[in-house]
Amino acid sequence: MVGKKASLDFQIAAASKPSKVKIIVYPFLAPPINQRQRLVITTAFRRSPVEITAESPARSIEVEFNLDVQVSGETDLTLTFQCPDAIAPSALGCSSDLRELSFAFLELTITD
């Protein structure tokens, strides 16, 4: 991901009742430098978002949890990724790349 924040919006069909979101990401930086990553999940039937924060070791991060879908009809699902510690490789002396980098997606699955 380039930047400090990105959102993915999904429209979930009435016939589909997802119960889990699984995300595997690989952080741009490895220890001793850590990058905080936060996933905020918002749906029409949740009053407050679910937030999961993880420090970034040099391995994939896998997050699974139940969405508790209790409504009928279509609903929207928004996944917002917040990465306050995104950093440009140029700031680390790694290259001349000025883009602020935070993580790469390996897998994103929404399942019943």
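Let me begin by describing the structure that accompanies this report.

Parameters at a glance
Residues numbered from 1 in each chain as written. Predicted model: local features only at pLDDT ≥ 70, side-chain atom pairs only at ≥ 80, totals over all residues. Heavy atoms only, no water. Core = buried A, V, L, I, M, F, W, Y, C linked by side-chain atoms within 4.5 Å. Buried < 20%, exposed > 50% of the residue type's maximum accessible area, 1.4 Å probe, protein only. Helix = DSSP H or I, 4+ residues; strand = E, 2+ residues; numbered from the N terminus. Polar contact = N/O pair within 3.5 Å; in protein donor to acceptor, adjacent residues only side chain to side chain. Contact = heavy atoms within 4.5 Å. Phe/Tyr/Trp six-rings, centres within 6.5 Å; stacked < 30°, edge-to-face > 60°. Pairing = 2+ DSSP bridges. Salt bridge = Lys/Arg side-chain N within 4 Å of Asp/Glu carboxyl O.

### Side note on the nonpolar core
Then step 1. Counting 11 residues, the largest nonpolar core is built from Ile12, Val21, Ile23, Val25, Leu39, Ile41, Leu77, Leu79, Phe81, Cys83 and Phe103.
Then step 2. Listed by contribution, the elements that provide at least two residues to this core are β2 (20-27), β3 (37-43) and β6 (75-82).

### Some words on the side chain of Thr78
Then step 1. Looking at the secondary structure, you find Thr78 in strand β6.
Then step 2. Here the side chain of Thr78 touches Asp9 through a polar contact of 2.8 Å, side chain to side chain.
Then step 3. If near-sequence neighbours (up to four positions away) are discounted, Thr78 is found in contact with Ser7, Leu8, Asp9, Val40, Ile41 and Thr42.

### Quick word on the packing of aromatic side chains
Then step 1. For the coordinates displayed, the defined rule picks out one aromatic pair.
Then step 2. Ring centres of Phe81 and Phe103 lie 5.5 Å apart, and the angle between their planes is 50°; on these two criteria the pair is classed as tilted. Highlighted residues: Phe81 in strand β6 and Phe103 in strand β7 (residues 103-111), separated in sequence by 22 residues.
Then step 3. Taking the relative accessible area as the measure of exposure, Phe103 reaches 5% and is therefore buried.

### Quick look at the environment of Ser95
Then step 1. By the element assignment, Ser95 lies in the loop between β6 and β7.
Then step 2. By relative accessible area, Ser95 is classed as partly exposed at 39%.
Then step 3. If sequence neighbours within four positions are ignored, Ser95 has contacts with Pro89 and Ser90.
Then step 4. Among the polar contacts made by the side chain of Ser95, one reaches the main-chain amide nitrogen of Asp97 at a distance of 3.1 Å.

### A few points about the pairing of β3
Then step 1. The element β3 is largely enclosed, with a buried count of five among its seven residues.
Then step 2. Direction of pairing for β3 relative to β6: antiparallel, over a ladder of six bridges. Bridging across to β6, Arg38 finds its partner in Gln82.

### Considerations on the pattern of salt bridges
Then step 1. Per the counting criterion, the structure on display carries two salt bridges.
Then step 2. Between Lys4 and Glu100 there is a salt bridge, and its shortest N-O distance comes to 3.9 Å. Here the residue Lys4 occupies a position in the segment before β1 (5-12), and Glu100 occupies one in the loop between β6 and β7, the gap between them amounting to 96 residues.
Then step 3. Taking the relative accessible area as the measure of exposure, Glu100 reaches 33% and is therefore partly exposed.
Then step 4. For Asp97, the salt bridge is made with Arg99, and the minimal N-O distance between the two is 2.6 Å.
Then step 5. Note on Arg99: relative accessible area 45%, which makes it partly exposed.

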